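A structural walkthrough
Given next are the chains, with one letter for each unit.
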Amino acid sequence: MTTLTDRYVWAVVRTAPEKQRRELDREVRALVTDATDAHANAGDPEREALLELGDPERLAATYLDRPLALIGPRTYLVYIRLLKVLYTIVLPIVFVANLAVQVFVAPSFGGALGAAIAVSVNAAVHLGFWPTLLFAVIDRLPASRQPDFGSWSPDRLPDLPSRPREEVGELIGTVVFAVLAIGALIWQQQGTLFRTDDGSGIPFLNPSLWGFILTWSIVLAVAWSAFALVVYRRGWTTTMASINVILNLAFAVPAIVLLTQRTELVNPAFADAAGWQLDAATQPWVVPTLVISSVVIVVVCGWNCVDGFLRARRAARATSAPS
Amino acid sequence: MDRDDASAGHLQELRRGTVVLACLLQLRTPDYGYSLLTRLDALGFVTDANTLYPLLRRLEAQGHLTSEWNTDEARPRKFYCTSGAGELLAADLVEDWKRLDASVTSLVRGDRS
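Residues numbered from 1 in each chain as written. Chains lettered and ligands numbered in written order. Predicted model: local features only at pLDDT ≥ 70, side-chain atom pairs only at ≥ 80, totals over all residues. Heavy atoms only, no water.

1. Describing the overall build of chain A
Summing up its helical and strand segments, chain A has 11 helices and zero strands in all. In sequence order, chain A lays out its α and β elements as α-α-α-α-α-α-α-α-α-α-α. In terms of overall dimensions, chain A is more spread out than a globule: its C-alpha atoms have a radius of gyration of 34 Å, far above the 20 Å expected for 323 residues. For chain A, the spread of C-alpha atoms along the principal axes amounts to about 105 × 70 × 40 Å. Considering only residue pairs separated by 6 or more positions, chain A has 66% of its internal contacts joining residues 24 or more positions apart. Element-wise, carbon and sulfur atoms account for 66% of the exposed surface of chain A, whose accessible area totals about 20500 Å². (Helix = DSSP H or I, 4+ residues; strand = E, 2+ residues; numbered from the N terminus. Rg over C-alpha atoms; globule rule 2.2 N^0.38 Å. Contact = heavy atoms within 4.5 Å. Areas by Shrake-Rupley, 256 points an atom, 1.4 Å probe, with all protein chains shown as cover.)

Shown next as structure tokens:
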């Protein structure tokens, strides 16, 4: 017949290395019987004794000097830093890269988004699991075989944030907008809204302009993002404000030319499929719409140029003020 | 005693290291685990089995205690005894204890004057 004591002793020793088991078995057994004797006055001395000794795995861990944490304080900070990098940088890259590929492969944008999300969820699980496993193993290596993560020194102190948070927001906003704009462009080219009878999609923009618009947009998106990054790092100067003007012109001039000179900006096949009448000669709203769009572009870009110079002046004042 | 959790924590912290010293001194007469636990308890060193037994094993592994299974009685028991190295360690700890006591005493006095 097995007693509670037998089961308790077994629960303690079963994870111990074979060599230590006999000794540990004897010791824990003596411990339990002594504790049982001490509780002789209780209703169930054995039970009381085991309650006092507590969880057998905890007792085993303290006996065998095993850590009671998956990742201990020695490696915890390195582990957390790694996870932060993986989840804030690697995971978004995985998502965007998958989305970019899926947009060309998947039959619809929704399908592409779904596939990219599925891959990202999968990646998130792996990005969490493998580093955790690795660090749990590292944490259990003997001290002499621990990898050297480099000791901390004051040189590693982060700089005080030199730019207010809004500027971080502007940088992120610009990059996100650039990515979304390119995504929207590629999406409309897939023609998921309307399809011809043979099932191929009808793009929204005129296919004859596609090569130019795509190249132009990608160049602009990259240039704007790079510019936003430089502005974020160095701040506004008169030079940056001038480059800002050039970038605005690079967007506004072709955009307005496309709007005013080429009335076939919208794919005629798309207009047919959607049932739109876009003939400027017969539709009185077409020309005013194009004009208003052009004016909006001029005003927005114009203000953006002026704003660049205003910021440059403010930044110059801020740096000269303390001296 | 009516103490809040924070002071109870500090008190426990203060006493933690003294258990080692108490063991080394107490085990100059060989004793087995559970008996030691109750004797320390009676002396006011509050510890539990989960802390004391691993501590005894660690002290033994470091050579500060020796152990022997006593099979004379009805039940075999592991008796621990302070070794020569353990005596030296105990002397060092007692020395430090006295220094600390002197320091605390002077601090208390300084506080009152």
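Okay, back to it.
2. Observations concerning the domain arrangement of chain A
Examined at the domain level, chain A breaks down into domain 1 (4-63), domain 2 (73-148) and domain 3 (161-320). Between the C-alpha centres of domain 1 of chain A and domain 2 of chain A the distance comes to 42 Å. (Domains from an automatic or database assignment.)

3. Thoughts on the UniProt feature "domain: Transcription regulator PadR N-terminal" (unreviewed entry) in chain B
The UniProt entry lists residues 28-87 of chain B under the feature "domain: Transcription regulator PadR N-terminal" (unreviewed entry), expressed in the numbering used here. Overall, residues 28-87 of chain B shows 47% helix and 23% strand. The separation of its end C-alpha atoms is 8 Å. (UniProt positions renumbered as here; feature names shortened; annotations may be inferred.)

4. Focus on the interface of chain B and chain A
Taken together, the contact between chain B and chain A spans 16 residues of the former and 20 residues of the latter. Summed over the shared surface of chain B and chain A, the result is four salt bridges. Among the salt bridges present, the one from A:Glu27 reaches B:Arg57, with a minimum N-O distance of 3.4 Å. Taken together, the elements giving at least two residues each to the side of chain B that touches chain A come down to helix H3 (33-43), helix H4 (49-61) and strand S3 (77-82) of chain B. (Salt bridge = Lys/Arg side-chain N within 4 Å of Asp/Glu carboxyl O.)

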